[in-house]
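# Geometric and topological summary
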Amino acid sequence: MSQILGLAVLFLLLNLVAGLWRVARGPTAADRMLAALLFGSTTVAVLLIMAEWMAMPALRSVALLFVMLAGIVTIAFFGLPADEDER
Amino acid sequence: MSAQEWVALVFLIAGCFFYLAGTIGLLRFGDVHSRLHALTKADNLGLMLVCASLAVLAANWRITALLVLTWLLGLLAATVSAHLIARHARRVEK
Amino acid sequence: MSVDLLIDGLLGLGMIVLALQVVSERTVLRSIILFVVFGLVMALAWTRLQAPDLALAEAAIGAGVTGALMMMAWRRLLIINPEHSADTPRGRSAVAIPVALLSTALVATIGLSALNIEPHIDTAGRVALDEMTDTGLGNPVTGVLLLFRNLDTLLEMAVLLIALLGARAISAPARPEEAAVVETTTPLVGALLATLVPLSILIATHLLLAGTNEPGGAFQAGAVLAAGGVALVLTARLQPAKRPGLATQLAVTAGLLAFVGIGVGIMAFGETLLALPGTWAVYLIETAMMVSIGLTLALLFAGAPALVGRRA
């Protein structure tokens, strides 16, 4: 089972690499922010799996913090004028 | 592998599938408002299934409660974030 | 090839690529978003290095404070100088490539020579771990921070206070409309706050108490409290005020006061300076530090000497 958890982590990380393309490409600021949030939710899953895989229960707290605080950066983003990023 | 591990494995594979679906949606959908679905739907279902899988593996009420809390917070954060990002995108479009 | 190696390689490569992108993106906003993503990958890397304390700090500071801080700084720059967005300074400096090559050579040289060093047996880390059993603390990080190198920790608290005073000295207090970005009528935000703020207090307390035996501690707890404060500032529930009241002044200095008070007071009983008399002193100092760190970070974020609740 340990091997399978490791493979799941690897799979989700490869997912992130694919998602990076959207962060890089945009085209709007909202797209980039959205991709960053998808990064966040995938990271949370990776941390939860790692907590079980590497037997480090503290990682569940790290995941909880990320998921709890994900909204803050979006609220700050909401206040930005985004037209500068349009091409 | 025990029956418990088989159940966990099924949940884990299903969870990874929905994460993959979310990423494909993010890459392939045509505009911001369509791509929001990837964040609000596919990924949260993926997170729920991963949490379910880990809860089955851990077989511990304290850990299960923490996983459920993480998932619920994920739902809340995704809902509010998607709403704010959509409003932001609308403001730019006008 | 093993799965562990693939994961670590992917994380390492990802961090280098992201770091390069952060400094070379065309617009400031893109760099900020990439920096947020970089923080996520960084937390995963700390995890792989068996450093959950640092992963916790990265999560609390990275997700809760720095991303929002940089976005607000960018927003304020645009308010001060609306033309700024057009002339974002881009284009590579002529020294960029030589500097990059030199630093790569330096890192490679140090890295290669480090590979040949025999690991020392009597490192400070091992001595600290051996001494931990007598302290009654289970988390070696907290032990080192508060018992073995507590003068450093004390001075870090002083630096934080000086940073706040310095920021207050050089910048005009933020106007209320500059600190908040979301009108109080925006739907759903209230629901998020109603969960986030009580939970941040709960989790900060948990991290503080757990910090003596497992990953956590005053710095992480303070950062989580600050994140709750940042959310309240962004949504106009807390607004910048002109002068700090007695409560604010006490809370900002509480960490330093408790640390110095106990550390010096212990000398009256014939102990040496800063020889903490037991776990109760550790708990007391950590609690005071958590309050100071949380409030100081929130005040620095808001760019104000004090915060008050919104008057209806």
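Residues numbered from 1 in each chain as written. Chains lettered and ligands numbered in written order. Predicted model: local features only at pLDDT ≥ 70, side-chain atom pairs only at ≥ 80, totals over all residues.

A tally of helices and strands in chain B yields 3 helices and 0 strands. By its C-alpha atoms, chain B is 55 × 25 × 10 Å across when sized along the principal axes. When burial is assessed residue by residue, chain B has 47% of its 94 residues classed as buried. A fraction of 65% describes how many contacts in chain B between residues 6 or more apart in sequence connect residues 24 or more apart. (Helix = DSSP H or I, 4+ residues; strand = E, 2+ residues; numbered from the N terminus. Buried ≥ 20, exposed ≤ 12 C-beta atoms within 10 Å, placed from the backbone. Contact = placed C-beta atoms within 7 Å.)

Looking now at the overall build of chain A. Counting secondary structure elements, chain A contains 3 helices and 0 strands. For chain A, the succession of helices and strands along the chain, N to C, is α-α-α. Relative to the compact-globule value of 12 Å for 87 residues, chain A shows a C-alpha radius of gyration of 15 Å, a clear excess of over 25%. If one aligns the C-alpha atoms of chain A with their principal axes, the spans along those axes are about 50 × 25 × 10 Å. For chain A, with 87 residues in total, the buried portion stands at 67%. Restricting the contact set of chain A to residue pairs at least 6 apart, pairs at least 24 apart contribute 56%. (Rg over C-alpha atoms; globule rule 2.2 N^0.38 Å.)

This brings us to the interface of chain C and chain B. Chain C puts 4 residues into the contact, and the matching count from chain B is 4 residues. Of the residues contributing to the side of chain C that touches chain B, the split by class is 3 nonpolar, 1 polar and no charged. (Nonpolar A, V, L, I, M, F, W, Y, C, P; charged D, E, K, R; others polar.)

A word on the packing of helix 1 (residues 2-25) of chain A against helix 2 (residues 29-53) of chain A. Residue and element names in this part refer to chain A. Where helix 1 contacts helix 2, the axes come no closer than 10 Å and their chain directions differ by 170°. Classed by the angle they form, the pair helix 1 and helix 2 counts as roughly antiparallel. Grouping the constituent residues of the contact of helix 1 with helix 2 by class yields 16 nonpolar, 5 polar and 4 charged. (Axes fitted to C-alpha atoms, helices over the stretch in contact; angles between N-to-C directions. Parallel < 35°, antiparallel > 145°, perpendicular 65-115°, else oblique.)

It is worth spelling out the interface of chain C and chain A at this point. On the chain A side, the residues contacting the 46 residues of chain C number 40 residues. Those elements that provide at least two residues to the side of chain C that touches chain A are helix 1 (3-24), helix 2 (28-48), helix 3 (52-80), helix 9 (189-210) and helix 10 (218-234) of chain C. Of the residues that constitute the side of chain C that touches chain A, the class distribution is 36 nonpolar, 6 polar and 4 charged.

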